[in-house]
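Survey of secondary and tertiary structure
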Amino acid sequence: MSDPIIRAQNVDVFYADKQALFGVDLKIEEKQVTSLIGPSGCGKSTFLRAINRMNDLIPICRFRGSLKIDGQDVYAPAVDVVSLRAQVGMVFQKPNPFPKSIRENVAYGLKIHRLTSSKSELDGRIEHSLKSAGLWDEVADRLDEPGTSLSGGQQQRLCIARTIAVEPRVILMDEPCSALDPIATAVIEELIDKLRRDFTIVIVTHSMQQAARISQRTAFFHLGKLVEVGSTKQVFTNPVEERTQNYITGRIG
Amino acid sequence: MIDFTKSAGFNLAARHRAETRFQWMGKGAILLALAFLAWLIVTIAVGGYGATKLVQIAIPVDLSATNIDPNNIAAARFGKIVKLGLRTRFPEVKKRKDKKKLYNLLSTEASFELKRAILADPKLLGGTRKIWFTASDTLSLYVRGKTNVSVPEDQRRISDKEIAWAADMQKNAEIRTVFNWGFFTHGDSREPEIAGILAALIGTALSLAVCFLLSFPLGIAAATYLEQFAPANRLSDIIEVNINNLAAVPSIVFGLLGLSIFLGYFGLPRSSPLVGGMVLSLMTLPTIIIASRASLKSVPPSIKEAALALGATPVQAVFHHVFPVALPGMLTGAIIGMARALGDTAPLLMIGMVAFIVDIPKSILAPATALPVQIFLWSDSPERGFMEKTSAAIVVLLIFLIAMNLIAILLRRKLEQRF
């Protein structure tokens, strides 16, 4: 097994006085899909948002412990969250394209980070990102239409294209299919499977079938604690912990 | 058999009656409100209609060299020439008292009208010409049938003699009624037949321009900071409560503030649109801030989150994504605030914009008055003619208000983005 790209050690997260995560130790491997599963309120989204420090937006949220990406402590004082988020992208539960054209949606990250030096390079990166997100064929002839005019599944793929355009090391996905119909979900799942060749993906999901289908490793959270982590096959077929067994068989949740 | 009709019980008859009763009460309330509105508009429009009419009388004036030196037109005594013309028209009038009455047929503006006519067309010189002059307010009201002639002579402003002269002139087609362009091109005047709203209109426009330039940038900057960047603590709460309170403060208080600070402390020019606009912007700022905050708040936070997750700085996230979506709402709020400022009189009285202004203000530092103040001034004047002017000025003010609200709606439609 190679060195993990993300290494969380003894992570505690508090919302004011309420503790949401208790001493989470988790290693996430590079260029794999890791799914975080568990019942609602178990802290899996909190953990995901701790990785790119989106929790900083909540004034009452505090972090304790160590979270390193590629050996760099994410919570070190010298860390600039802008730089962190440029390299750790995020896809949200509800598709949230900017109320601008499809082209501008994908170009935005490239523009603010000044990642391209010419118009043709920018267009090339936009096309490449949309192709990688499997959206190019559907939108190639209407790049200047608003991103919000697309269907839900297309919007979510646009958000993925927007995220991968800036070529992050890690992509965090917070229940990316929960607002989509089964067909759109299948398309996104296929896409996630392709993207893992180039990106490390951490995905929070409510659907155990989805976790089983797309992820190589699975981490089960319960009541703010990491109960079990292992290869997806092992977690779903032969869990070590009884609580995991109970959850995947539907007895808690 | 199962019964799905009204007679199935469930107290249905009473419930439906209550339903109908409530709906009729709602419709009645709306009808009543509409009726009052229609009544108001019709009364004002009917009252103001007269102000668009100008009565003129034709008088033969002798413009030969004996009266006017063609090389020195300005030195001529135009008032005397006009009076002479009147006396030639009615040679039978001999008594001093009657002559005075005769002169009363004409507006005091007549001599200036003659001067302007000659300066505009010097070819008139060198003979006797028939020229149309503005009639006096008294004659004008009589000609337009606004005078009750059935009351005894000493109880009306127009005497029997004047009525006889007017009848004589009417017989000879020497009296006509034209559209009163002067109402839109003149400043205020002591004479109702001359008074116009242009000076007040310009004063209002200048004040509102100053008000918009000051309050819009300030208002949206404050709203954006408070809504998007300010930490949520006690201080922010206090500021929010106070802004809400300021929006409810009577406008005359802002006038007093302007009087003591802008005029008293900074010594800015009294009665000027600059100070007027500053005082009005004090008044509109809270409105703009509240409307802009509501507009910013209505932008889904997911858009800002998306930008932040992509590595945008908070300022970039707000200005690239939240701001454009919120702008139409902020603009609408500003225009509605301005519409309120347009109709406000009290703060302007405090800073001296209540002056009698004949000249059209040429800059934001020149003394000026404003439309609502002009309405207030005219409504206070005893002359009958000013009653019409008051109504007409109110119509103009209402048209302005409607136009501003219309602009707000159109801008919102045009700028609104879907998300």
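Worth saying up front: this structure is predicted, and the values here are computed from it rather than measured. (Residues numbered from 1 in each chain as written. Chains lettered and ligands numbered in written order. Predicted model: local features only at pLDDT ≥ 70, side-chain atom pairs only at ≥ 80, totals over all residues. Heavy atoms only, no water.)

**Some details on the sheet that holds strand β3 (residues 33-37) of chain A**
Residues and elements named next belong to chain A. With mixed pairing, 6 strands are arranged side by side in an open sheet as β6-β7-β8-β3-β9-β10. Both outer strands of the open sheet, β6 (88-91) and β10 (225-231), are each paired with one neighbouring strand and no more. Ignoring which end each strand starts from, the neighbouring axes of this sheet average 20° apart. In this sheet, β10 lies alongside strand β9 (residues 217-222) in antiparallel orientation, the contact comprising 6 bridges. Following the sheet pairing, Thr218 is matched in β10 by Gly230. (Pairing = 2+ DSSP bridges. Helix = DSSP H or I, 4+ residues; strand = E, 2+ residues; numbered from the N terminus. Axes fitted to C-alpha atoms, helices over the stretch in contact; angles between N-to-C directions.)

**Some remarks on the interface of chain B and chain A**
Facing the 20 residues of chain B at the interface are 21 residues of chain A. Taken together, both faces of the contact between chain B and chain A bury some 1700 Å²; the carbon and sulfur share is 65%. Where chain B packs against chain A, one counts 1 salt bridge. The closest approach of N and O atoms between A:Arg49 and B:Glu305, which form a salt bridge, is 3.2 Å. At the boundary of chain B with chain A, the tally comes to 5 residue pairs in polar contact (both at pLDDT 80 or more). Elements that contribute at least two residues to the side of chain B that touches chain A include exactly α12 (301-309) and α13 (314-342) of chain B. The element contributing the most residues to the side of chain B that touches chain A is α12(B), with 7 residues. (Contact = heavy atoms within 4.5 Å. Buried area = accessible area lost by both parts, 1.4 Å probe. Salt bridge = Lys/Arg side-chain N within 4 Å of Asp/Glu carboxyl O. Polar contact = N/O pair within 3.5 Å; in protein donor to acceptor, adjacent residues only side chain to side chain.)

**Some thoughts on the domain arrangement of chain B**
Residue and element names in this part refer to chain B. The domain boundaries assigned to chain B delineate domain 1 (50-180) and domain 2 (198-415). Between the C-alpha centres of domain 1 and domain 2 the distance comes to 46 Å. Contact residues are listed per partner, giving 7 residues for domain 1 and 6 residues for domain 2. Contact between domain 1 and domain 2 buries roughly 580 Å² in total, counting both sides, with carbon and sulfur atoms accounting for 50%. Taken together, domain 1 and domain 2 are joined by 2 salt bridges. The shortest N-O distance in the salt bridge between Glu388 and Arg144 comes to 3.0 Å. Summed over the shared surface of domain 1 and domain 2, the number is 2 residue pairs in polar contact (both at pLDDT 80 or more). In the side of domain 1 that touches domain 2, the residues fall into 2 nonpolar, 2 polar and 3 charged. (Domains from an automatic or database assignment. Nonpolar A, V, L, I, M, F, W, Y, C, P; charged D, E, K, R; others polar.)

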